[in-house]
Amino acid sequence: MPGHPMPEPPATTHARPPRDGLTGGEALVRALAAHGVTQAFGIPGTHNLEIYRHLAAHGIGHLNPRHEQGAGYAADAYARVSGRPGVAITTTGPALLNIAAAVGQAYSDSVPLLVVSPGMPLRHPRQSTGLLHEMRSQTEALRGVAAVSHRVSSAEEIGVAVARAFTLFRTRRPRPVHIEIPLDLLTAVEPAGPVRAAPPLSPATADPDALSAAAAALRSAARPGIVLGGGARTAAAECLRLAEELGAPVVTSANGKGIVAETHPLSLGVSLHSRAVRRWLAERDVVLAVGTELAESDLWEPLPALGGTLVRADIDPAQMYAGPPADLPLVGDARRTLRSLLAALPAATTEDTHPEVHRAVTALREERNAETRSQDAHLLPYLAAIGSVLPANAVLTSDSAQCCYHGAIPHLPIAPEGRYLHPTGFGTLGYALPAAIGAKAADPARPVVALSGDGGLQFSVQELATAVQLRLPLPVVVFDNGGYGEIRDEMASRGDRPTAVDHPPVDLPALARAYGGHGVRADSPEALAGALRRALDTPGPTLITVPQELSR
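What comes next is a walk through the structure. Keep in mind it's a predicted model, so treat the numbers as computed, not measured. (Residues numbered from 1 in each chain as written. Predicted model: local features only at pLDDT ≥ 70, side-chain atom pairs only at ≥ 80, totals over all residues. Heavy atoms only, no water.)

1. Here we look at the sheet that holds strand β7 (residues 177-182)
Spatial ordering of the open sheet is given by β3-β2-β4-β5-β7-β6, a layout of six strands whose pairing is parallel. Only two strands of the sheet have a single partner each, and these edge strands are β3 (61-63) and β6 (148-151). Along the sheet, successive strands turn relative to each other by an average axial angle of 25 degrees, direction set aside. Relative to β3, strand β2 (residues 39-42) runs parallel, the two being bridged by three bridges. Its bridge partner lying in β3, Gln39 is registered against Gly61. (Pairing = 2+ DSSP bridges. Helix = DSSP H or I, 4+ residues; strand = E, 2+ residues; numbered from the N terminus. Axes fitted to C-alpha atoms, helices over the stretch in contact; angles between N-to-C directions.)

Rendered as structure tokens:
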């Protein structure tokens, strides 16, 4: 199972506190270990050393990115690949604010991320005293981007707070949680009570009457369609069976990419941004939307009115009213919900009983591709080269870059064995490289490739040093268009003079070599394929640039 801790140096011996009490730092680490945490990400600082002191003794490995934002993205990707919550440790003040963008991205993409930080002492006055890293309220700052930000007031409450976080991850839409431990509580020895563990819970089940109504609607549909988001990922097999039994074409969000193989004859891939696919969706008499917001960030504009019945299946009750309201709401775990729907449908048929639907999907794919062929065509040979090299179980991490949202997301097919990790919704920059490191931490033997543009890469390029330190094969493919290409194009389309979007040339392969990694330039799709093959077998990161003048 993925999720192995990275190698750690031998633990340093230290005096242990009396057994009738624990420091807040050890109470925290004990609670994390009790919930199966074996890997943490973060950067040690003056105020969090009591946490670091106990990690190795409790079997928790640690990976130290070069910036807290990178630690957050790495923990995010670790969670997506391993299926277990990612844990990040920061120190106070600026360090916690540095990770806030990653917390916001995890909230947007429904990722279980636990961020732990010290805070000002328990009795710290409200009036500023100039204490190191002092800020008015860390919890108020994090409440703006996390689902929960909680400041504890005793050692015993630490275990309760951790158990509560893991309970939220298991029973609700998974979103980030922040726990703050006052500085003096971290080092004080107090009774911590017994180990608190989140109770085992069965997944939520949708209402039986609602399931019956939804099954009846799907059974009678003449023009069904299915939309899958990231919340459907645990039900991939059930999604495929439903599509094949109903003869329902499948379109996904970016987070749902690859839940159904994108080469399947019923798959439209990630196509909600396509005008043709949006028209097709509006013409369905029944649409089943599973684990998706149907949000503007996937559609690139508001969703058109649906002409038929909308069945929404989601763990989050609020999704039944967000965006287009559900006509038939199914609140519950995706796998259990879809299994119940399948049980209520007629006996299974095979996909070969829907040849007309397959032909219609093929025609719709071509119509989708024709919309942006002139814009995307220069990327396609390079994406095909990447696809020809990667095994089916590879993980690709993505950035908010043209090569990703115009290129790989719609045009690089992913199988259910693989994963494509993209920062949707919140749309942060600099995600791909640290996320690739987190994916490697989750499963070191699995092939991982980062895909970015030169603008996004330079938000977190310092994480090349982290990848060098780990000595794990990690290709980083960068399409270099000399700055912020998407914003440059938007300015031009407005008739504006492009401003602050063009960057002086940077020799990115040389920068990778300066960090101790490898760097090459790919002057053709064939060169990219060859460089990628070598990089997958070469310890450490290999940065491969595809220059703008060659990819256009």
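2. Digging into the packing of helix α11 (residues 275-282) against helix α14 (residues 355-371)
Put simply, α11 and α14 touch, their axes get as near as 8 Å, and they point 140 degrees apart. For the element pair α11 / α14, the angle class is oblique. Mapping the contact onto sequence places Arg275, Ala276, Val277, Arg279 and Trp280 in α11 and Leu364, Glu367, Arg368 and Glu371 in α14. For the contact of α11 with α14, the class distribution of residues is four nonpolar, no polar and five charged. (Parallel < 35°, antiparallel > 145°, perpendicular 65-115°, else oblique. Contact = heavy atoms within 4.5 Å. Nonpolar A, V, L, I, M, F, W, Y, C, P; charged D, E, K, R; others polar.)

3. Description of the environment of Arg151
Assignment of secondary structure puts Arg151 in strand β6. Taking the relative accessible area as the measure of exposure, Arg151 reaches 30% and is therefore partly exposed. As a C-alpha pair, Arg151 and Val251 span 100 residues in sequence and 42 Å in three-dimensional space. Non-local contacts of Arg151, meaning those with residues more than four positions away in its chain, are made with Gly119, Met120, Pro121, Leu122, Thr139, Glu157, Glu180 and Pro182. Polar contacts involving the side chain of Arg151 include one to the main-chain carbonyl oxygen of Met120, which spans 3.0 Å. Here Pro121 takes part through its backbone oxygen, which lies 3.0 Å from a polar atom of the side chain of Arg151. (Buried < 20%, exposed > 50% of the residue type's maximum accessible area, 1.4 Å probe, protein only. Polar contact = N/O pair within 3.5 Å; in protein donor to acceptor, adjacent residues only side chain to side chain.)

4. Brief notes about unusual backbone geometry
Despite not being glycine, Ser110 shows a phi value in the positive range, around 55 degrees. With respect to the secondary-structure elements, Ser110 resides in the loop between α5 (100-108) and β5 (113-119). With a phi angle near 60 degrees, Arg471 is a residue other than glycine that sits in the positive phi range. In this fold, Arg471 is placed in the loop between α20 (464-470) and β18 (474-480).

5. So, the nonpolar core
Core analysis: the largest hydrophobic core is formed by 45 residues, its most contacted members being Phe41, Val103, Leu457 and Leu474. Counting only elements with at least two residues in this core, the list comes to α3 (68-82), α5, β5, α18 (432-442), β17 (448-453), α20, β18 and α22 (508-514). When residues no more than four places from it in sequence are discounted, the contact partners of Val103 are Leu113, Val115, Leu142, Val145, Ala146 and Pro176. (Core = buried A, V, L, I, M, F, W, Y, C linked by side-chain atoms within 4.5 Å.)

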